[in-house]
Amino acid sequence: MTTDEATSLVNVGARQAARRRKAVPYLLLLPGGLWLAIFYIAPMIQLVGISLQEGTYQTGYSMTWRWENYADAFALAGSHFLRSFLYAGAATLLALFIAYPLAYGIAFRGGKYKNLLLVLVLMPFLTPFLLRTLAWKVILADSGFVVETLKTLHIISPSGRILATGWAVVAGITYNFLAFMTLPIYVSLEKIHPSLIEAANDLYAKPVTAFRKVTLPLSMPGIVAGTLLTLIPAAGDFVNASLLGNPQRLMVGNIIDNRFLRIVDYPTAAALSFSLMLVILAIIIPYVRASGTEDLVA
Amino acid sequence: MTDTTITTQGGFGSSEPAAVELFNITKRFGDVLAVDDLTLAIGENKFFALLGPSGCGKTTTLRMIGGFEDPTEGTINLHGEDVTGLKAYRRPVNTVFQSYALFPHLSVFENVAFGLRRTNVDKGELEQRVAEMLDLVQLSGLDNRHPAKLSGGQQQRVALARALINHPRVLLLDEPLGALDLKLRKEMQIELKRIQQEVGITFIHVTHDQEEAMTMADTIAVMNKGKIERMGDPAEIYEDPRTAFVANFLGGSNLMPVTVIDRTAGSVATADGTTLFVPPKALSPDTHGFRVGVRPEKLNVYRPGSGDIPPNVLTGRVMDASFIGVSTHYVVRTSTAGDLSAVVQNLTGDRFSQGEEVSLGWHPERSFVIHDD
């Protein structure tokens with residue numbers, strides 16, 4: 001074998017190795033990709049399909065490309081849509097204002113108790129979701145401690161109540177999703193090196209300015225992640241509204257639940273589900289862009 | 001050194017107040033004594049280095065001057081004004097942090113402008129000053145880059161520009177070159193010195209690298225266990241380190257325990273009775289047990305019986321000879337003082353090999369004296 005041949009053999013080997021290395025990321029993506037294709041994309045296509053069908057449970061459904069299903073769905077649940085985003089938005093804001101100081105305290109003042117405090121944040125998750133929500137029914141009950149105290153303080157009228165109002169639903173959602181807000185914010189705050197804050201102080205920034213100019217912008221990825229993790233499931237939630245809310249003022253999730261499982265009107269339920277998804281996307285895409293977190297992750 | 005009152009240029013009674021004065025500063029973290037009753041004055045426009053091993057209290061001292069730690073006891077003056085209780089953001093002092101601490105979400109321009117934005121400088125002046133500063137640190141044109149897209153050396157320059165742009169009265173540098181590779185570090189040492197001379201600001205530089213301190217600083221304070229062991233200009237403390245710690249931390253040293261024979265002649269005896277000479281003035285009247293030290297590069301290696309050996313001679317056998325280009329490093333085992341190291345410049349091709357019997361010689365005035373505590 002001449003040296004040229006040897007070199008070309010080596011080159012072929014190297015090229016094969018390079019090709020294999022290139023294939024590795026795709027192979028790693030394969031299981032997740034398959035999972036998504038089978039259990040997410042395929043059902044999604046099916047869902048859109050159903051949303052354009054016509055018929056009843058008894059007679060069966062047939063595809064008629066009936067786009068009016070969407071108009072019907074909005075006529076039926078337009079106000080529920082609005083209410084869903086109102087409740088979910090209020091709960092997300094409330095959760096943000098509770099979670100941020102909490103995460104800040106754990107990240108910067110937690111010291112050796114950091115991990116313990118994080119476990120405490122997650123502790124409610126050891127109780128089932130349903131049970132936690134039912135517990136709020138007791139907490140906010142008409143003759144309960146919270147309502148009585150608020151009455152004594154004249155914050156609500158003597159005949160007022162909290163249970164079966166929007167307040168109760170917002171309180172329930174806020175509580176149930178608080179950890180989803182706290183953890184991403186904690187992670188982004190925890191990553192901020194204390195010397196960055198010292199550097200801001202060194203450059204004449206008072207604590208408030210240092211927070212505004214350094215800590216807050218650097219924790220934006222956590223805020224964005226936390227608000228998305230809260231807003232998205234909260235907008236589609238139906239448990240809080242059905243257990244804590246007023247049956248006359250439900251959320252879109254309740255209507256979907258009803259249409260699918262009780263009235264068995266699959267096309268309308270599917271149209272509502274798909275619309276909900278589109279509305280959520282329409283909200284979060286500009287939100288993620290506007291918050292400019294691409295710079296931070298880059 | 002047991003006396004803690006150490007004065008350099010300015011301060012303590014001179015008419016011009018020193019840039020920085022520390023009076024009896026003590027800092028404790030719980031049970032740990034980080035800085036122990038430190039008193040120090042640093043003159044205007046000096047390049048001052050705080051040198052010591054990790055945990056000696058040098059960074060804590062710097063952080064107290066910057067306002068990031070409060071001293072447990074004592075007061076800190078900046079240009080004659082007591083700033084002890086003042087927060088960092090109220091002190092006319094800026095810092096170059098060890099890991100640079102550049103704001104990752106801001107561009108180079110905004111990083112450098114950060115301090116000016118807090119002080120109501122108008123837009124035109126701000127832009128002009130940032131441009132000038134980026135020019136000074138040779139970063140012009142990188143205004144819009146983010147720190148993550150810069151090399152280590154460039155990040156270091158941004159950190160420097162960000163601090164200097166505010167015209168601080170004192171600039172604090174906390175191991176600023178620690179993260180750079182050797183070649184870049186050497187370049188930045190010269191660069192920092194140039195910039196310090198150009199801007200005429202007092203630099204206080206914390207480092208554990210003795211060569212870095214000697215390259216840049218006018219005055220070096222060697223710290224050990226929360227105290228300053230020795231302070232002076234680099235050559236002075238290198239030639240006469242006075243304590244064993246300084247002798248070993250600042251370069252290498254050969255130390256030999258001796259007893260006095262004749263104080264006026266400066267003659268002393270080693271453990272096995274060999275007579276050595278030291279400068280008589282180095283022997284204070286109360287000196288009895290102490291050590292004679294000599295730097296490895298001041299020892300020369302001779303063939304036994306060679307004619308021109310200086311007065312201080314010890315004989316031994318070469319245990320190790322390492323050729324490193326400009327010089328050869330020998331370890332010579334002597335019966336008198338154990339293993340001594342000698343660094344001999346490769347002026348000629350004549351070298352000694354392992355196992356050879358040699359004489360080590362040095363001039364009395366090249367030795368220093370260490371008083372054991």
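These figures come from a predicted structure and were not determined experimentally.

Draft legend 1. Broad picture of the overall build of chain B. A count of helical and extended segments in chain B gives eight helices and 21 strands. Overall size of chain B, expressed as C-alpha extent along the three principal axes, is 75 × 45 × 40 Å. Within chain B, the fraction of its 373 residues that count as buried is 42%. Partitioning the contacts of chain B with sequence separation of at least 6, the portion at a separation of at least 24 is 65%.

Draft legend 2. Fine view of the domain arrangement of chain A. All names here are of chain A. One can read the domain layout of chain A as domain 1 (3-51) and domain 2 (61-297). Centre-to-centre, using C-alpha coordinates, domain 1 lies 37 Å away from domain 2. Across the contact, five residues belong to domain 1 and eight residues belong to domain 2. Grouping the constituent residues of the side of domain 1 that touches domain 2 by class yields three nonpolar, two polar and no charged.

Draft legend 3. Structural detail: the interface of chain B and chain A. Each partner contributes to the interface: chain B provides 16 residues, whereas chain A provides 17 residues. Elements represented by at least two residues in the side of chain B that touches chain A include exactly β7 (93-96) and α2 (108-117) of chain B. For the side of chain B that touches chain A, the per-class residue count stands at seven nonpolar, seven polar and two charged.

Draft legend 4. Looking closely at the nonpolar core. Core analysis: the biggest nonpolar cluster contains 105 residues, and Ala161, Ile204 and Val222 of chain B have the highest contact counts within it. Those residues in contact with Val222 of chain B, other than ones at most four positions away along the chain, are Leu51, Gly52, Ile228, Glu229, Arg230, Ile237, Val246, Phe249 and Leu250 of chain B. Membership of the second largest hydrophobic core comes to 49 residues, among which are Ala73, Ala95, Val252 and Ile255 of chain A.

Draft legend 5. Expanded view of the packing of helix α2 (residues 68-109) of chain A against helix α12 (residues 266-290) of chain A. Residue and element names in this part refer to chain A. Relative to each other, α2 and α12 sit at 60°, their axes nearing to 9 Å. In this structure, α2 crosses over α12, and the sense of that crossing is right-handed. Contacts from Asn69, Tyr70, Asp72, Ala73, Leu76, Ala77 and Phe81 in α2 reach Pro267, Thr268, Ala271, Leu272, Ser275 and Val279 in α12. In terms of residue class, the contact of α2 with α12 is made up of nine nonpolar, three polar and one charged.

Draft legend 6. Here's a closer look at the pairing of strand β2 (residues 60-63) of chain A. Residue and element names in this part refer to chain A. Two elements, strand β1 (residues 53-56) and β2, share four bridges in a ladder whose sense is antiparallel. The residue bridging Gln53 from the neighbouring strand is Met63, located in β2. Counted along the chain from β1 to the antiparallel partner β2, the turn is three residues long.

Draft legend 7. Molecular detail of the sheet that holds strand β16 (residues 300-302) of chain B. All names here are of chain B. Pairing within the open sheet is antiparallel, and its five strands lie in the order β16-β20-β17-β18-β19. Whereas interior strands pair on both sides, the edge strands pair on one side only; in this sheet they are β16 and β19 (338-345). The mean angle between the axes of side-by-side strands here comes to 45°, regardless of whether they run parallel or antiparallel. In terms of strand pairing, strand β17 (residues 312-323) meets strand β20 (residues 357-362) through six bridges, oriented antiparallel. In the strand pairing of β20, Thr315 is matched with Ser359.

Scoring rules and cut-offs
Residues numbered from 1 in each chain as written. Chains lettered and ligands numbered in written order. Predicted model: local features only at pLDDT ≥ 70, side-chain atom pairs only at ≥ 80, totals over all residues. Helix = DSSP H or I, 4+ residues; strand = E, 2+ residues; numbered from the N terminus. Buried ≥ 20, exposed ≤ 12 C-beta atoms within 10 Å, placed from the backbone. Contact = placed C-beta atoms within 7 Å. Domains from an automatic or database assignment. Nonpolar A, V, L, I, M, F, W, Y, C, P; charged D, E, K, R; others polar. Core = buried A, V, L, I, M, F, W, Y, C linked by C-beta atoms within 7 Å. Axes fitted to C-alpha atoms, helices over the stretch in contact; angles between N-to-C directions. Left-handed = near helix turned anticlockwise from the far one by under 90°. Pairing = 2+ DSSP bridges.

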